[in-house]
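Listed here are the chains, written in short residue letters.
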Amino acid sequence: MDLGLQGKRAIITGGSKGIGLATALALAAEGAQVAIVARGEGPLREAAAAIRAKTGVDPLVLVADVASGEEARRAVEQAAEHFGGLDILVNNAGTSAAGPFEQVEAETWGADLDLKVLGAVNFSRAAVPHLRKAGGGAILNVTAISGKAPGPSSLPTSVSRAAGLALTKAMSKDLAADRIRVNAVCIGLVRSDQIERKWRQAAPDLTWEQFATDPRHGIPLGRIGHTEEAAKVIAFLVSEAASYVTGTAVNIDGGTSAVL
């Protein structure tokens, strides 16, 4: 299937590793121009080298803190000027901060909401005028299955992710007239730095394959997912192949969540 991504211009926040890097690779492999955003220049340069080596696409590297409205605006303007416009925004920046309600300090709440919710707002506000000028486009918010069905000791991340889902639905209504589609993905257990740390700390005697397929994870498909699998779904949702899809959230969790 031709996803219609040839020549499209995309920004991916949190693009130096994990799902963000996998998404940049997937879009570049489909012929898109990509800009990757993160706070650390070193990891960004390493990611850019990997993208060039695997796809032949030379990505634009943008160092920015997504929680800063000014830095977000500057990064988007740099990308739009470099590419001559903008078609796609993937709001992927985020970490998992999870604990019991009474143990989460106010500073942790603020930092998590700033990163995951305000970060998506900042980049979206800066990107929308460029998407509108291009005649339409796509925004994709990366969230987590805990945003739909919070579990115990999942704060503040489950609340931030739920806010991201509400943001997705509201934006999809407001921007549909401009042919700007807004969707989300809800990530379950997908291989990441955090999951790998858990593996090494909790089960250092197991190989990755043994850990990933441990039935105690409770994943119906029987294994932890790969970042490339998440990236393929994201690439579809921001592509012309999903031109009639907006305001929805797709679970990428191997069937773990109890809710649609």
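Definitions and limits used
Residues numbered from 1 in each chain as written. Predicted model: local features only at pLDDT ≥ 70, side-chain atom pairs only at ≥ 80, totals over all residues. Heavy atoms only, no water. Helix = DSSP H or I, 4+ residues; strand = E, 2+ residues; numbered from the N terminus. Buried < 20%, exposed > 50% of the residue type's maximum accessible area, 1.4 Å probe, protein only. Salt bridge = Lys/Arg side-chain N within 4 Å of Asp/Glu carboxyl O. Expected span 1.5 Å × (residues − 1). Contact = heavy atoms within 4.5 Å. UniProt positions renumbered as here; feature names shortened; annotations may be inferred. Axes fitted to C-alpha atoms, helices over the stretch in contact; angles between N-to-C directions. Parallel < 35°, antiparallel > 145°, perpendicular 65-115°, else oblique. Left-handed = near helix turned anticlockwise from the far one by under 90°. Pairing = 2+ DSSP bridges. 1 Å grid on protein atoms, 1.4 Å probe; cavity = no way out; pocket = protein on both sides within 12 Å on 5 of 7 lines; lining within 4 Å. Points joined across faces, edges and corners; volume = space filled by probe spheres on them. Nonpolar A, V, L, I, M, F, W, Y, C, P; charged D, E, K, R; others polar. pLDDT = per-residue confidence, 0-100. Polar contact = N/O pair within 3.5 Å; in protein donor to acceptor, adjacent residues only side chain to side chain.

**Considering unusual backbone geometry**
Residues other than glycine predominantly adopt negative phi, and peptide bonds predominantly adopt the trans conformation. The step from Leu 155 to Pro 156 runs through a cis peptide bond, and the omega angle for that step is 5°. Backbone geometry places Ser 153, a non-glycine residue, at a positive phi of 55°. Within the secondary structure, Ser 153 is located in the loop between strand E6 (137-144) and strand E7 (155-156). Of note in this structure, Arg 179 is not a glycine but carries a positive phi near 60°. Tracing the sequence through the fold places Arg 179 in the loop between helix H5 (157-175) and strand E8 (180-187). Take Arg 179: its relative accessible area is 60%, and that puts it in the exposed class.

**So, the pattern of salt bridges**
This structure, assessed with the given rule, holds twelve salt bridges. Put simply, Asp 193 and Lys 17 hold a salt bridge, and the shortest N to O gap is 3.4 Å. In this pair, Asp 193 is assigned in helix H6 (residues 193-202) and Lys 17 in the loop between strand E1 (9-13) and helix H1 (18-29), connecting sequence segments 176 residues apart.

**Here's the deal with H5**
Compared with the 27 Å implied by 1.5 Å per residue over 19 residues, the 26 Å span of H5 between its first and last C-alpha is a close match. Looking only at H5, the buried set comprises Thr 157, Ser 158, Ser 160, Arg 161, Gly 164, Leu 165, Leu 167, Thr 168, Met 171, Ser 172 and Leu 175. Tucked inside the fold, the buried residues of H5 contact strand E5 (98-99), helix H4 (106-133), E6, E7, E8 and strand E9 (249-252).

**Description of the UniProt feature "domain: Ketoreductase" (unreviewed entry) in the protein**
The sites that carry the UniProt feature "domain: Ketoreductase" (unreviewed entry) are, in the present numbering, residues 8-166. Helix makes up 50% of residues 8-166 and strand makes up 19%, while its end C-alpha atoms are separated by 27 Å.

**So, the packing of H1 against helix H8 (residues 227-237)**
Between H1 and H8, the shortest axis-to-axis distance is 8 Å and the interhelical angle comes to 55°. Between H1 and H8, the angle is such that the two are oblique. Crossing geometry of H1 relative to H8 is assigned as right-handed. Here Gly 18, Ile 19, Ala 22, Thr 23, Ala 26 and Leu 27 of H1 lie close against H8, whose contacting residues are Thr 227, Glu 228, Ala 230, Ala 231, Ile 234 and Ala 235.

**Topic: the sheet that holds strand E2 (residues 33-38)**
Spatially, the seven strands line up as an open sheet ordered E3-E2-E1-E4-E6-E8-E9, and their pairing is parallel. With one partner strand each, in any of the chains shown, strand E3 (60-63) and E9 form the two edges of the open sheet. When strand polarity is set aside, the average angle formed by the axes of neighbouring strands in this sheet is 20°. Sheet analysis places E6 next to E8, joined by eight bridges and oriented parallel. Paired with Thr 143 across the two strands is Cys 186, which belongs to E8. Across the sheet, H8 is in contact with strand E4 (88-91), E6, E8 and E9; its angle to E8 comes to roughly 165°.

**Here we look at the layout of surface pockets**
Empty space within the second largest pocket amounts to approximately 290 Å³. In terms of lining residues, the second largest pocket is bounded by 19 residues, among which Gly 136, Gly 137, Arg 179, Arg 181 and Glu 240 are the most central. Residue composition of the lining of the second largest pocket, grouped by class: seven nonpolar, seven polar and five charged.

**A look at the confidence of the model for the protein**
Mean pLDDT over the protein: 97, with 100% of residues reaching 70 or higher. Mean pLDDT in the protein bottoms out at H6, which sits at 91, and peaks at E4, which reaches 99.

**Considering the environment of Pro 156**
You can see Pro 156 is positioned in strand E7. For the pair Pro 156 and Ala 241, spaced 85 residues apart in sequence, the C-alpha to C-alpha distance is 34 Å. For Pro 156, the residues in contact, after removing those within four places along its chain, are Ala 97, Val 104, Thr 108, Trp 109 and Asp 112.

**Quick word on the side chain of His 217**
Within the element layout of this structure, His 217 appears in the loop between helix H7 (208-212) and H8. A distance of 2.7 Å separates the side chain of His 217 from the backbone oxygen of Phe 211, its partner in a polar contact.

**Quick word on empty space enclosed by the protein**
For the structure shown, the criterion picks out one cavity of 30 Å³ or more. In this structure, the largest cavity encloses a volume near 120 Å³. Listing elements by their share of the lining of the largest cavity, those giving two or more residues are H4, E6 and H5. Among the elements that line the lining of the largest cavity, the one with the most residues is H4, at five residues. Residues of the lining of the largest cavity, tallied by class, amount to seven nonpolar, eight polar and two charged.

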